[in-house]
Amino acid sequence: MDRGIQSFLNVSTCHCPSFSPDGNQVAYLSNQTGTNQIWVMNVQDQSTKQITTLECAVKKVSYSPIEPILAFTMDKDGDEKYQIFLLNDQGEHQLLTDGESVNFFGGWSPDGNYILYSSNQRNPKYFDVYIQSIKNLKEKSMILESNEYWTPLQWNPNGKSILLMRRSEGSMNNDLFLFHLEQGDLEHLTPHKGQAYHWSWDFHGSGERLLVATDEKTDYAELIWLDLRSKTRTRIASFQDKGIDLCRISSNGKYLLYGIRKDGQSILRLIEIEKNREIPLPPLPLGYVWDATWANDKYLAITLDGAQNPTNLWILDIEHNIWITSYLPESAYVQPQLIHCPSFDGLNVPGWLYLPTNVKINKSLPVLIHVHGGPEDQARPIFNPVIQYFVSNGFAVLTPNIRGSTGYGKSYTKLDDGRKRLDAVADLHAYYQYLVRSKWINPLQVSIMGHSYGGLMVLLAMTTYPEIWANGVAIAPISDLESYLENTSIHRKRFREAEYGSLNLDRNWFREVSPIHHVEKITSPLLLIHGKNDTRIPYQETLTFFNKLKDVHSKVNCILLSDEGHEITKTKNKIHIYKEIVSFLK
């Protein structure tokens, strides 16, 4: 392998744009210095300036709608106990939350005097809703106390109500509510039977109606207007084979942007609302749009992420319909091809295949199957420095969207729930068979790698089909479903039980299938990696698995990172572990 991993990990990325009140600057997060920090770009000349140099990575940043101050969230070394801070125009930051609980930022009041957030400060199991004054930091009030999981989404532009989401059982079932500040009561906006997921929302105008993406009446998605007075719904768009990822209305209510997701790629639509007229956008490279924000009706900023275009800010000048920031594709990076593989039951399983250039048809090519986490997530054709590194050095890489992935309808997402988990593992076996039938893949050099839920899939694959894998790499994996559900963060437990099964009803099945009880079946080399600050999957589970496996299998190694949590965020740690992975897979 002749290209170092550091050259790929050093590629800087930008995301989470937020315009200043006058629209002349946009704040964003960039990992240019090794961890995500806050930067500001001047929209006119695209000059940039770093604003924070904090020890830990910043998670989110948001400008006040009135003055040039910022709110941002950050945890400590990956412990996911997010705190909210205020950053003034002198670069000084101040902690607003308690420093111990988990807090989710929900936005600014229209007058810029308050921020909105939810916190499990009162009870670690539940999330209440709070309003915090930024003029008087001692002025904080809990506006909603409830033994539920509440997430604040947005302050109504009229200042009189707040949009809230209540999570129901399962991660793909929720409800939207308006909380009326003067009356102190809740108004249920999305009553429904069965499971329905509502996402990507925005108020229009002065707050008389709400734009919502939902799968309540379809397997995929529809975009609707919800009139907040009459409660009538008007469909804007509906898709039977595509998803909707984001919808954003311009500050003055003139334009609507929404993103269609097809096989993990974004197709943007810009609509002039009053005329119901689509405005053609200037071309964009292939990729996925993670977020979008407006500066009045003048500028639109999006975060575009493509296999050949690392995550970056693209700013559209609406009047002239041109991208004033744009980036040429990097030809050194490989664009994957979309493939489909029939599984054991005839299900067509999509995936993205990255092939190195000048592939020889001689059955010599090693392949790495890279399984995404979630499981409610999707492998997309976006920039992944690790995948590009492997491809540049002679590996084929497959990123499959096995059953349980999002982006293919809610029926597909539920195909791996509970005791159907091993059907997803069978999808991986089907892809192995598909790959080795090709003319270039070496059947003795098929390895598998995954993080979090993807790590569970690695361990299940290696204990269910042990004879086919050359190597395995599991990062922050679930190895014992029973122990995982007993020890994960208490506010996550009931939602994860809806996905994996119940401790009360499925404990015996957990013991039957969990990899921890089948370590003797693993015959291939295995590398385990875990951050010690992980609150989702305690690192002790990986250590237990390692100690049990090394008693029966000598080709196993374990790396523990003392300053990381569930995600690995620090560049120095990424360089360390991916060098180890490369050495391991040689």
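The structure this text deals with has already been given above.
Before going into details, it helps to say that this report is about the structure given with it. (Residues numbered from 1 in each chain as written. Predicted model: local features only at pLDDT ≥ 70, side-chain atom pairs only at ≥ 80, totals over all residues. Heavy atoms only, no water.)

**What about the overall build of the protein?**
Keep this limit in mind: Where helices and strands are cited, they refer to DSSP runs of H or I of at least four residues and of E of at least two residues respectively, numbered from the N terminus. It is over C-alpha atoms that the radius of gyration is taken, and the globule rule equals 2.2 Å times the number of residues to the power 0.38. Throughout, exposure labels follow a simple rule: accessible area from a 1.4 Å probe, protein chains only, divided by the maximum for the residue type, with under 20% read as buried, over 50% as exposed, and the rest as partly exposed. Contacts: residue pairs with any heavy atoms within 4.5 Å of one another. Positive: Lys, Arg. Negative: Asp, Glu. His and the chain ends are not part of the count. Charged groups are reduced to one reference atom each: NZ for lysine, CZ for arginine, CG for aspartic acid, CD for glutamic acid.
If you tally the helices and strands in the protein, you get 10 helices and 36 strands. Over its C-alpha trace the protein gives a radius of gyration of 24 Å, about what one expects of a compact globule, namely 25 Å for 586 residues. Per-residue burial for the protein yields a buried fraction of 62% across its 586 residues. The contacts of the protein with a sequence gap of at least 6 include a subset with a gap of at least 24, amounting to 51%. Averaged over its 58 positive side-chain charges, the protein has a centre that lies 4 Å from the centre of its 65 negative ones.

**Brief notes about the nonpolar core**
Convention followed: The definition of a nonpolar core used throughout is a set of buried Ala, Val, Leu, Ile, Met, Phe, Trp, Tyr and Cys residues joined through side-chain atoms within 4.5 Å.
In terms of nonpolar packing, the biggest core is built from 60 residues, with Ile 369, Ile 448, Met 457, Trp 469, Leu 526, Leu 528 and Phe 545 touching the most fellow members. The element that contributes the greatest number of residues to this core is helix α4 (residues 421-436), accounting for nine residues. Each residue touching Ile 448, except ones within four places of it in the same chain, is listed here: Leu 368, Ile 369, Val 371, Leu 428, Val 458, Ala 461, Met 462, Trp 469, Asn 471, Gly 472 and Val 473. Ala 307, Val 334, Phe 395 and Ile 581 belong to the second-largest nonpolar core, a separate cluster that totals 33 residues.

**Examining the pairing of strand β19 (residues 221-227)**
Remark: a regular strand shows side chains that alternate across the two faces of the sheet. The criterion, for reference: When DSSP locates at least two bridges between a pair of strands, those strands are taken to pair.
Counting buried positions over the seven residues of β19 gives six, a clear majority of the element. With six bridges joining them, strand β18 (residues 209-214) and β19 adopt antiparallel strand pairing. The partner of Leu 210 across the bridge, within β19, is Leu 226. As consecutive antiparallel partners, β18 and β19 are separated by six residues. As paired strands, β19 and strand β20 (residues 233-239) are joined by six bridges and run antiparallel to one another.

**As for the layout of surface pockets**
How we decide: Two kinds of site are reported from a 1 Å grid over the protein atoms alone, namely cavities, where a 1.4 Å probe fits but cannot get out, and pockets, open sets with protein on both sides within 12 Å along at least five of seven lines, and residues are called lining when an atom falls within 4 Å of a point. Grid points are joined across faces, edges and corners, and a volume is the space filled by probe spheres set on the points.
One number sums up the size of the second largest pocket: a volume of about 270 Å³. Taken together, 16 residues line the second largest pocket, and the ones lying closest to its centre are Gln 25, Val 40, Ile 51, Tyr 63 and Asp 89. When residues of the lining of the second largest pocket are traced back to their parent elements, those giving at least two are β3 (37-42) and β4 (48-50).

**Some remarks on the sheet that holds strand β25 (residues 288-295)**
Here we have four strands laid out as an open sheet, ordered β25-β26-β27-β28, and antiparallel in their pairing. At either margin of the open sheet sits one strand with a lone partner, and together these are β25 and β28 (322-323). Bridging between β25 and strand β26 (residues 299-306) involves seven bridges; their strand directions are antiparallel. Across the sheet, the residue bridging to Tyr 288 is Asp 305, located in β26.

**A look at the state of the cysteines**
To keep things clear, this is the line we draw: For this text, the term disulfide refers to a pair of cysteine sulfurs within 2.5 Å.
The tally for this structure, following the rule as stated, stands at zero disulfides. The structure places no disulfide on Cys 16, whose sulfur is separated from the nearest cysteine sulfur, that of Cys 14, by 11 Å. Of the cysteine sulfurs around Cys 56, a residue in no disulfide, the closest is that of Cys 16, at 17 Å.

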